[in-house]
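Next come the chains, spelled out residue by residue.
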Amino acid sequence: MKTDPGNLLPTQNGGNCLKLSKRDRCPLAGDRRNNEAPNLGLNHLLFVREHNRLSMKLHELNPCWSNEKVFQETRRIIIAQVQHITYNHFLPLVVDHDTMGRYNLYSKTNGFDHVYDDSVDASILNSFGIAPWRYGHSQIMAEQSELKDDYKTLFKHKIEDNLQSPHLWQRSYGKHVTSLSRWLATEPALKIDNFLVEGIRDKLFFITTPPGSDLYSLNIQRGRDQGVPAYNEWRKFCGLRKYRSFDDFEKFGSNLAAGYETVDDVDLFIGGLLEEGENGSVGPTFSCIIGIQFQRFKVGDRYWYESADPDFAFTKDQLNSIKSASSLSKIYCTNFGLNEIQDDIFKIPCSKNSLSYCRDLPDLDLYLWKDKTCAWTTHPSGSCNDPIDC
Ligand code: HEM
């Protein structure tokens, strides 16, 4: 895929982003919101770099493959990695243990899994995008910072000064990508709760649209605009006890009583965030909706990465390599130039999650993608320049 100098996201003339310096350019990525916050842009950049890294290797292994074939095969591998990491490493930290089991969200440890059900609609539930999946807004930190290679020196950048701008990672041809990613990988996100940092509560987008707005208010209003059922309706749907009075919200009850007429009016986004989950995850109502949604994404996806459909399935060995060797830690440190990283990037480094050298973390075995016919196709004379077989 195309990149800019510094191996950065490609840019367009003009474009829709905030330019904080003369040299800033608006990046192009799969989602136009990639520049909403610098760390979101970094995650888009991460997978462009990973795509190009894998496709170069596939091309070296299979010189007879067309560019299109290399692109499509790489895309398929990246999608499989994202699905595997999301369901097995990330989701178990967002929802509770029961939800993972109830909705069959874990992948099988090895081999294929026939999960596809053509009666399942994999599109997004209105309520899911409005409330439970916005839980992450409460985890947003007040700064987007950089950590130098001593892991101690910190350069802080206020979040409100950098929204809608690629400046932090783009300046000096991407020289700061590594230090930003070091911070992102090691600094714990904030707790999931009903609090929001000031930079996105009072000052959201204040540079472009002064005096700025409030992300939680937008979330609440969006739910009302789109007719999302109230919190208590969802509790009932999820088999939880409906709340009868504001006292059920315990210490938050009196504040809610000041803003709502009855307990049945409480918005899903507000009620859901007030629940406490298991080990810091979201509470039972959000877990329920997220569980249903992720089950639909999985079971309603004809191309789910564990599929054994002979028309497009990975081989069993390829699939097992994806399962055993995909980790966001590896993808991060390989593509962002880190030497070391904790084994599980979703958790902070500690004695149970120690640092490893990047090169020691498992990587996909791309030799399993070697097309045995390829060398002969490119060299009908039979001369062999194949790095593996020769
Ligand atoms: C600095 C970080 C972030 C900023 C500035 C931000 C900002 C926004 C804004 C302005 C909206 C549109 C609100 C509306 O008008 O309805 C939005 C939507 C949304 N955000 Fe965030 N967000 C951030 C991080 C996150 C995180 C970490 C998550 C989840 C883990 C998340 C999940 C969502 C979802 C699901 C939507 C709705 C998307 C849709 O329906 O198309 N956001 N965000």
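For the structure itself, consult the block above.
Here goes a summary of the coordinates provided. (Residues numbered from 1 in each chain as written. Predicted model: local features only at pLDDT ≥ 70, side-chain atom pairs only at ≥ 80, totals over all residues. Heavy atoms only, no water.)

## Quick look at the state of the cysteines
Tallied over the full model, the rule gives four disulfides. Through a disulfide, Cys-64 is tied to Cys-374; the S-S separation comes to 2.0 Å. For the disulfide bridge between Cys-64 and Cys-374, the dihedral angle about the S-S bond is near -120 degrees, and by the sign convention the bridge is left-handed. A residue pair is termed long-range when its members are at least 10 positions apart, and Cys-64 in the loop between α1 (38-61) and α2 (67-94) and Cys-374 in helix α15 (residues 374-378) qualify at 310 residues. Judged by its relative accessible area of 0%, Cys-374 falls in the buried class. Through a disulfide, Cys-333 is tied to Cys-358; the S-S separation comes to 2.1 Å. Residues Cys-333 and Cys-358 are joined by a disulfide whose S-S torsion is about 95 degrees; by sign, that bridge is right-handed. On the criterion of sequence distance, the pair formed by Cys-333 in helix α14 (residues 328-335) and Cys-358 in the loop between β6 (355-357) and α15 is long-range, its members being 25 residues apart. (Disulfide = S-S within 2.5 Å. Helix = DSSP H or I, 4+ residues; strand = E, 2+ residues; numbered from the N terminus. Buried < 20%, exposed > 50% of the residue type's maximum accessible area, 1.4 Å probe, protein only.)

## Points about the coordination of the iron atom of the ligand
Here the protein supplies the iron atom of the ligand with just one donor, His-137 (NE2), and that contact is 2.1 Å long. As for its placement among the helices and strands, His-137 is situated in the loop between α4 (126-130) and β3 (146-147). (Donors = N, O, S within 2.8 Å, 3.2 Å for Na, K, Ca; no water.)

## Comments concerning the side chain of Ser-281
Looking at the secondary structure, you find Ser-281 in the loop between α11 (268-274) and α12 (284-299). Using a relative accessible area of 4% as the deciding quantity, one classes Ser-281 as buried.

## Some points on the pattern of salt bridges
In this structure the tally under the stated criterion is 15 salt bridges. One salt bridge in this structure joins Glu-233 and Lys-242, with 3.7 Å as the shortest N-O distance. With relative accessibility at 39%, the residue Glu-233 sits in the partly exposed group. Accessibility expressed as a relative area gives 28% for Lys-242, which makes it partly exposed. Close ionic contact of Arg-235 with Glu-275 constitutes a salt bridge, the shortest N to O distance being 2.9 Å. (Salt bridge = Lys/Arg side-chain N within 4 Å of Asp/Glu carboxyl O.)

## Here we look at the environment of Phe-297
Looking at the element boundaries, Phe-297 is found in helix α12. C-alpha separation for the pair Phe-297 and Gln-83, spaced 214 residues apart in sequence, amounts to 9.9 Å.

## Quick notes on the site of the ligand
Residues in contact with the ligand amount to 15 residues; listed here are only the nearest, Arg-33, Trp-133, Arg-134, His-137 and Arg-222. A distance of 2.9 Å separates an oxygen atom of the ligand from a polar side-chain atom of Arg-134. One of the side-chain N or O atoms of Arg-222 is found 2.6 Å from an oxygen atom in the ligand. Per element, the largest residue contribution to the shell around the ligand is three residues, and it comes from helix α8 (residues 215-225). (Near = heavy atom within 4 Å. Polar contact = N/O pair within 3.5 Å; in protein donor to acceptor, adjacent residues only side chain to side chain.)

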